[in-house]
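Structure assessment
The chain contents come next:
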Amino acid sequence: MAIRPILTAPDPRLKTISKPVERVDDALRALMDDMLDTMYDAPGIGLAAIQIGVPQRVIVMDLAGKDEEKQPRFFVNPEILWRSEDLSFYEEGCLSVPEMYEDVQRPARIRARWLDYHGQEVEMEADGMLATCLQHEMDHLEGVLFIDHLSKLKRDIILRKMTKAKKRAAVG
Ligand code: NI
């Protein structure tokens, strides 16, 4: 298990379309363990493999509260089968867009299917935080960030701030 560096916008690798996983094996589980460690360390509630530079359709998540027991979730090759017409707003953030938070509107409920940590197929309907977080993370697999759901003006302001922060960090 290891903590890996997280890519931040506007890193072009975040625009990669991730490839389907062919087999859920020990190598993939090692990747998922690293992703979980990296996410907990950040700390964050969700992470897609591309955020650590691995273009595979893998997501880890834990929506447990601070004082609750950990509830790690693993999503391999997730697909959305159905989206509700009703929408909900959530203030979203992203480990690849640190310290930026904006309201994003998405379908309030979804039905999704994926493979779990052991390669077992799971299908379920999700709402609330799980629905939002899964859609946010699945966007990463298509090279989409939550800021891509905002107006161009808002997105440009955020990206300018990110670029400036990176330059400052590089200078020291
Ligand atoms: Ni994100």
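This text goes with the structure placed above it.
The structure contained in this document is the topic of the report that follows. (Residues numbered from 1 in each chain as written. Predicted model: local features only at pLDDT ≥ 70, side-chain atom pairs only at ≥ 80, totals over all residues. Heavy atoms only, no water.)

Let's talk about helix H1 (residues 26-41)
Stated formally: Strands here mean DSSP runs of E at least two residues long; helices mean DSSP runs of H or I at least four residues long; both are numbered from the N terminus. In this analysis, the expected span of each helix is defined as 1.5 Å times one less than the number of residues it contains. Working definition: with a 1.4 Å probe on protein chains only, accessible area under 20% of the residue-type maximum means buried, over 50% means exposed, and in between means partly exposed. Any two residues whose heavy atoms approach within 4.5 Å are treated as being in contact.
When the terminal C-alpha atoms of H1 are compared, their 22 Å separation across 16 residues agrees well with the 22 Å that a helix rising 1.5 Å per residue should span. Looking only at H1, the buried set comprises Leu28, Arg29, Leu31, Met32, Asp34, Met35, Leu36, Thr38 and Met39. On its buried face, H1 sits against strand E1 (46-48), strand E2 (58-61) and strand E3 (73-83).

Considerations on the pairing of strand E5 (residues 97-107)
Each regular strand displays side chains that alternate between the two surfaces of the sheet. Note the cut-off: Whether two strands pair comes down to DSSP finding at least two bridges between them.
Alignment of strand E4 (residues 87-94) against E5, held across seven bridges, turns out to be antiparallel. Along E5, the bridge assignment pairs Ser88 with Arg106. Remark: two residues form the turn of the hairpin made by E4 and E5, two consecutive strands paired antiparallel.

Some details on the packing of aromatic side chains
Each aromatic ring pair is specified by the distance between its two centres and by the angle formed by the two planes. Which entries qualify depends on this criterion: For Phe, Tyr and Trp, where Trp contributes only its six-membered ring, two rings pair if their centres lie within 6.5 Å, and the inter-plane angle classes them as stacked under 30 degrees, edge-to-face over 60, or tilted in between.
Within the structure shown, the criterion is met by two aromatic pairs. Ring geometry for Phe74 versus Tyr117: centroids 4.6 Å apart, planes at 50°, classification tilted. Pair noted here: Phe74 is in strand E3 and Tyr117 is in the loop between strand E6 (110-115) and strand E7 (121-126), with a separation of 43 residues, a long-range link. As far as the burial class goes, Phe74 and Tyr117 line up, both buried. Where Phe75 meets Trp114, the ring centres are 4.7 Å apart and the plane angle is 55°; that geometry is what we call tilted. Pair noted here: Phe75 is in strand E3 and Trp114 is in strand E6, with a separation of 39 residues, a long-range link.

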